[in-house]
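Architecture and fold: a report
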Amino acid sequence: MLIMGYFNVVLGIFLGFLKSSNCANIFVSHYSGTVNTLTFSPATNSLTLNSSLRIGGQPSWLHWDLASRTLYAPDETSFGSGSLTAVSAANDGKLSQIGKSTAPLGAVACVLYGGGYIAIAHYQISTISTFKLPLSSSPSVLQTFSLKMSGPGTIPSRQDAPHPHQTFVDPTGAFILVPDLGADLIRIYAIGTGGELTACGSYVEVGGTGPRHGAFSGDGKILYIANELANTVHAFTFAYTNGCMSLTRFQTLTTFPNNSTAPKGSKVGEIHIKDNFLYVSNRRDLSFSPNDSIASFSLDSAGKMTRLRCRWDQTTANVVVVKRDPTSGKLGPQLASLRVGTTGTAESDNGLSAVLFDQ
């Protein structure tokens, strides 16, 4: 199965399989300040709202820790005080808030690491922050990194300052990678025994690339980076040397048919890998006017990408479940759809913000 979130453009793609006919929970955050659980029934191909919890702020991302059944929601609020919220999800999908800490503003993504820490990317204020878990009402920031660059980038309107867009952990669990859209860097941090991060190197992208999000292949051998400004996906091999990671790019493809240039105004969104297939959302590309698209690629044994096809999106604030063929990787018909909260506005921080399976 494939689930997608929409708020006038494709928000993201989150992959999972239903291994039986049992109902499945789907977690959804909304910029209005809520975290929600939806229940999908394969028997009836229906989605229903199971639970809704108001946590306040502008939850921009959800990180799911299955072992503790905890959702972590950073806050993209750009004024006043930001936050990081921990939400417990029972097996039946019922939600309850179990922790909350004050955090820097403008958070867009987070990741757990090191067995008890969390790292957050703050796009608006050019900052990376880390926290020690569990969260509490007293300030618990472990570290903050204020990122710098010498001057505007190739696209000054988007690259006026460093803009870290994601934090994610390498396959060994020893490093955190941070795609920096503003500085055209993939920043790399070594993880210390006490959860502290140490900057150990960066991969320098071509000016105007705008790295946004990344994902490792299932076998942990290849890194893929989705580039928002260039509308491309880069594939890298990597090695561990001198206490850090070194990246070597070996392939670049656009997210459009025949490796064509993206339509004006289009922006690559999320990237996800399931089995030997890679999926990337295209926002505001209007490939299926007035709708956008999701690009899919097959991955060979060396990690090389081959484009498959696009899939349409809907101009709604809906969570949509789409059938996926696990053999071919192709996306099939829509199975269910449910509106969650108010409809968003393109290019604005409202509407849906994150969607993922309970798995």
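This text follows the structure it describes.
All right, on to the overall build of the protein then. Each helix and strand counted, the protein has zero helices and 28 strands in total. Across the 359 residues of the protein, 60% fall into the buried class. Here the contacts in the protein between residues at least 6 apart in sequence split such that 48% fall between residues at least 24 apart. A total of about 13800 Å² of accessible surface is found on the protein, and carbon and sulfur atoms cover 52% of it.

Here we come to the pairing of strand S15 (residues 175–180). The buried fraction of S15 is high, at six of six residues. Here S15 shows no split at all, with Phe175, Leu177 and Pro179 on one side and Ile176, Val178 and Asp180 on the other all buried. In terms of strand pairing, strand S14 (residues 168–169) meets S15 through two bridges, oriented antiparallel. Its bridge partner lying in S15, Phe168 is registered against Leu177. Taking the residues that link successive antiparallel strands as the turn, the S14-S15 hairpin has five residues, and the phi of Gly173 there is positive, at about 75 degrees. With six bridges joining them, S15 and strand S16 (residues 185–191) adopt antiparallel strand pairing.

Attention now goes to the sheet that holds strand S17 (residues 197–204). One open sheet holds the four strands; their spatial order is S14-S15-S16-S17, and the pairing between them is antiparallel. The two strands at the open ends of the sheet, each matched to only one other strand, are S14 and S17.

This part is about the state of the cysteines. One pass over the full model with this rule turns up one disulfide. Cys200 shares a disulfide with Cys244; S-S distance 2.1 Å. Residues Cys200 and Cys244 share a disulfide whose torsion about the S-S bond is about 65 degrees; that sign makes it right-handed. A residue pair is termed long-range when its members are at least 10 positions apart, and Cys200 in strand S17 and Cys244 in strand S21 (residues 244–254) qualify at 44 residues. According to the relative accessible area criterion, Cys200 is partly exposed, its value standing at 29%.

What follows covers the nonpolar core. Leu177, Leu223, Met245 and Leu247 are the most contacted members of the largest nonpolar core, which has 15 residues in total. Among the secondary structure elements, those contributing two or more residues to this core are S15, S16, strand S19 (223–227), strand S20 (232–241) and S21. The residues touching Leu247, leaving out its near neighbours within four places in the chain, are Ile186, Ile188, Tyr203, Leu223, Phe236, Thr237 and Phe238.

What follows deals with the packing of aromatic side chains. This model, assessed by the stated rule, comprises eight aromatic pairs. Counting every residue linked through ring pairs, the aromatic cluster contains Phe168, Phe175, Phe216, Phe238 and Tyr240.

Spatially, four strands are ordered S18-S19-S20-S21 in an open sheet, and the strand pairing comes out antiparallel. The open sheet has two free edges, formed respectively by strand S18 (211–216) and S21, since each of these has just one partner strand. Within this sheet the neighbouring strands show an average axis-to-axis angle of 30 degrees, counted without direction. Two elements, S20 and S21, share 10 bridges in a ladder whose sense is antiparallel. The residue of S21 that forms the bridge with Phe238 is Leu247.

Moving on to the environment of Asn50. Here Asn50 lies in strand S5 (residues 46–54). The partly exposed category is assigned to Asn50, whose relative accessible area is 21%. The spacing of Asn50 and Asp92 is 42 residues in sequence and 8.6 Å in space, taken between C-alpha atoms. Setting aside residues no more than four positions away along its own chain, Asn50 makes contact with Asn25, Thr37, Leu38, Thr39, Asp92, Gly93 and Lys94. Within the local environment of Asn50, its side chain forms a polar contact with the side chain of Thr39, the two groups lying 3.1 Å apart.

Glancing now at the environment of Arg249. With respect to the helices and strands, Arg249 occurs in strand S21. A relative accessible area of 33% means that Arg249 is categorised as partly exposed. Taking the C-alpha atoms as reference points, Arg249 and Leu223, separated by 26 residues in sequence, lie 9.0 Å from one another. The residues touching Arg249, leaving out its near neighbours within four places in the chain, are Tyr203, Glu205, Val206, His234, Ala235 and Phe236. For Arg249, the side chain forms a polar contact with the side chain of Thr252, separated by 2.8 Å.

Here is what the cut-offs are and how they apply
- Residues numbered from 1 in each chain as written.
- Predicted model: local features only at pLDDT ≥ 70, side-chain atom pairs only at ≥ 80, totals over all residues.
- Heavy atoms only, no water.
- Helix = DSSP H or I, 4+ residues; strand = E, 2+ residues; numbered from the N terminus.
- Buried < 20%, exposed > 50% of the residue type's maximum accessible area, 1.4 Å probe, protein only.
- Contact = heavy atoms within 4.5 Å.
- Areas by Shrake-Rupley, 256 points an atom, 1.4 Å probe, with all protein chains shown as cover.
- Pairing = 2+ DSSP bridges.
- Disulfide = S-S within 2.5 Å.
- Core = buried A, V, L, I, M, F, W, Y, C linked by side-chain atoms within 4.5 Å.
- Phe/Tyr/Trp six-rings, centres within 6.5 Å; stacked < 30°, edge-to-face > 60°.
- Axes fitted to C-alpha atoms, helices over the stretch in contact; angles between N-to-C directions.
- Polar contact = N/O pair within 3.5 Å; in protein donor to acceptor, adjacent residues only side chain to side chain.

In short, shape yes, function no, at least from these values alone.
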